[in-house]
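Residue-level structure breakdown
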Amino acid sequence: MLGFPTLNDYKLPFFSIILLMYFMTICENLLIILLVSTSQRLRSPMYFFLGHLALSDIILVTSIVPKMLDVIIRGGSTISYVGCLAQFYLYGGTVSAECFLLTAMSYDRYLAICRPLHYISVMSVKLRCSLIISSWLLGFMLVLISLLLVCGLQFCGSNIMNYFFCDYAPLLELSCSDTTVLDIEMILLCFPIILLPFSCITVSYVYIFMAIFGISTTSGRQKTFSTCSSHLVVVSIYYGSMFVIYMVPYRGHSMTVNKMGNVKKILSLFYTVVTPLLNPMIYSLSNRDIKQAFRKLSSKMLAVL
């Protein structure tokens, strides 16, 4: 994997920045999980989903960043065939699961704002657990289809990948097999993994905005909107990157020379490194409950010390 071959003298600063961001991402998301698990204030379904979103972000960056750091500092690195497939599956499954998790979170916000009187009875422990389990299972089961098809490819030509992790498009570029079936499969999988969840989220927010605009007072509208604004920002960042990376055609334009390939590389870097770093910040900066839970946890730790 060549990674970022044009870094030259900026290799060490870039390595340091990515390492710092990785460390911050792990700490932030572990803190979110810790707060959700221990604080009585964070027992609602919204924070239950947020804890699993933090877990998916940890898995996502851990499957990509450690190897990417090796690629950066060495100016390129090797990865075994099995290791490449394992990275592809872990990354793809986590990304897909996160799409479904964000959809479950939008449904939770829809119930809380549009059907507040039925919220507690509908969003029961059984339903929220079912949504979480379904999100993880669907994510990894759908990507398993891609993994099995990739395993059937022959790699008899170049083994040089101008990318920083084993993603779908760079793997197909290296294959000397006919990848028509995999091109079609990639397009088809975009519907259940990207388009369908995004459509559900969009419909949920149409109803949410209609309910918010129906509130008579300005303060009431602002208070209600604040409960879903963080999720809306995360969804916008997440899907904005995904649409360009996975739904813009790439075949027939080599990832090694095409400008779109370089754009996708930059977007993938933002998507795999920056977004998991921003998610906890977005949720915590605008959330009073998380701030209070953090202060309470900090006070307990200081008291013990």
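This text gives an overview of the structure that appears in the document. (Residues numbered from 1 in each chain as written. Predicted model: local features only at pLDDT ≥ 70, side-chain atom pairs only at ≥ 80, totals over all residues. Heavy atoms only, no water.)

1. Let's talk about the nonpolar core
Worth spelling out the cut-off: Among the buried residues, those of types Ala, Val, Leu, Ile, Met, Phe, Trp, Tyr and Cys that are joined through side-chain atoms within 4.5 Å form a nonpolar core. A 1.4 Å probe rolled over the protein chains alone gives each residue an accessible area, and that area as a share of the maximum for its type sets the label: buried under 20%, exposed over 50%, partly exposed in between. Counting from the N terminus, the helices are the DSSP runs of H or I reaching at least four residues and the strands are the DSSP runs of E reaching at least two. What makes two residues a contact is simply this: any of their non-hydrogen atoms within 4.5 Å.
Core analysis: the biggest nonpolar cluster contains 87 residues, and Ile18, Met68 and Leu102 have the highest contact counts within it. Of all the elements, helix 2 (residues 45-74) adds the most residues to this core, at 15 residues. Apart from the residues within four sequence positions on either side, Ile18 is in contact with Val65, Met68, Leu69, Ile72, Leu269 and Val273.

2. Comments concerning the pattern of salt bridges
Selection criterion: Here, a salt bridge means any Lys or Arg side-chain nitrogen found within 4 Å of an Asp or Glu carboxyl oxygen.
Under the definition given, this model contains four salt bridges. Here Asp70 and Lys67 are joined by a salt bridge, their closest N and O atoms 3.5 Å apart. Of this pair, Asp70 and Lys67 both sit in helix 2, three residues apart, roughly one helical turn. Since its relative accessible area comes to 22%, Lys67 is described here as partly exposed. One connected set of salt bridges, linked through shared partners, spans Lys67, Asp70 and Arg74.

3. Describing empty space enclosed by the protein
Formally: Think of a 1 Å grid over just the protein atoms. A cavity is a set of points where a 1.4 Å probe fits yet cannot get out, a pocket is an open set with protein on both sides within 12 Å along at least five of seven lines, and lining residues have an atom within 4 Å of a point. Grid points are joined across faces, edges and corners, and a volume is the space filled by probe spheres set on the points. Nonpolar residues are Ala, Val, Leu, Ile, Met, Phe, Trp, Tyr, Cys and Pro. Charged residues are Asp, Glu, Lys and Arg, and all others, Gly as well, are polar.
Within the structure shown, the criterion is met by three cavities of 30 Å³ or more. Put simply, the largest cavity is a space of about 260 Å³. Around the largest cavity, the lining comprises 16 residues; the ones closest to its centre are Ser96, Val143, Ser146, Ile193 and Tyr246. Elements supplying a minimum of two residues to the lining of the largest cavity: helix 3 (81-114), helix 5 (125-151), helix 7 (180-213) and helix 8 (218-247). Residues of the lining of the largest cavity, tallied by class, amount to 12 nonpolar, three polar and one charged.

4. Here's the deal with the packing of helix 3 against helix 7
Two numbers describe a pair of packed helices, the interaxial angle and the distance between the axes. Put simply, the test is: Lines fitted to C-alpha atoms define the axes here, with helix axes fitted over just the stretch in contact, and angles between the N-to-C directions of these axes take values from 0 to 180 degrees. For this classification, under 35 degrees means roughly parallel, over 145 means roughly antiparallel, 65 to 115 means roughly perpendicular, and everything else is oblique. Take the far helix as the reference: if the near one is turned anticlockwise from it by less than a right angle, the crossing is left-handed, and if turned clockwise, right-handed.
In contact at an axis separation of 9 Å, helix 3 and helix 7 are set at 15° when each is read in the N-to-C sense. Regarding the angle of helix 3 to helix 7, the classification is roughly parallel. The interaxial crossing formed by helix 3 with helix 7 has left-handed handedness. Along its contact with helix 3, which presents Ser96, Cys99, Phe100, Leu102, Thr103, Ser106, Tyr107, Arg109, Tyr110, Ile113 and Cys114, the element helix 7 presents Pro192, Ile193, Pro197, Cys200, Ile201, Ser204, Tyr205, Tyr207, Ile208 and Ala211.

5. Concerning the environment of Val233
For Val233, the location among the structural elements is in helix 8. For Val233, a relative accessible area of 38% gives the class partly exposed. A C-alpha to C-alpha distance of 9.0 Å links Val233 and Asn279, two positions 46 residues apart in sequence.

6. A look at the environment of Phe23
Along the polypeptide, Phe23 turns up in helix 1 (residues 11-38). The class for Phe23 is exposed, based on a relative accessible area of 54%. Spatially, the C-alpha atoms of Phe23 and Leu302 are 23 Å apart, while their sequence positions differ by 279 residues.

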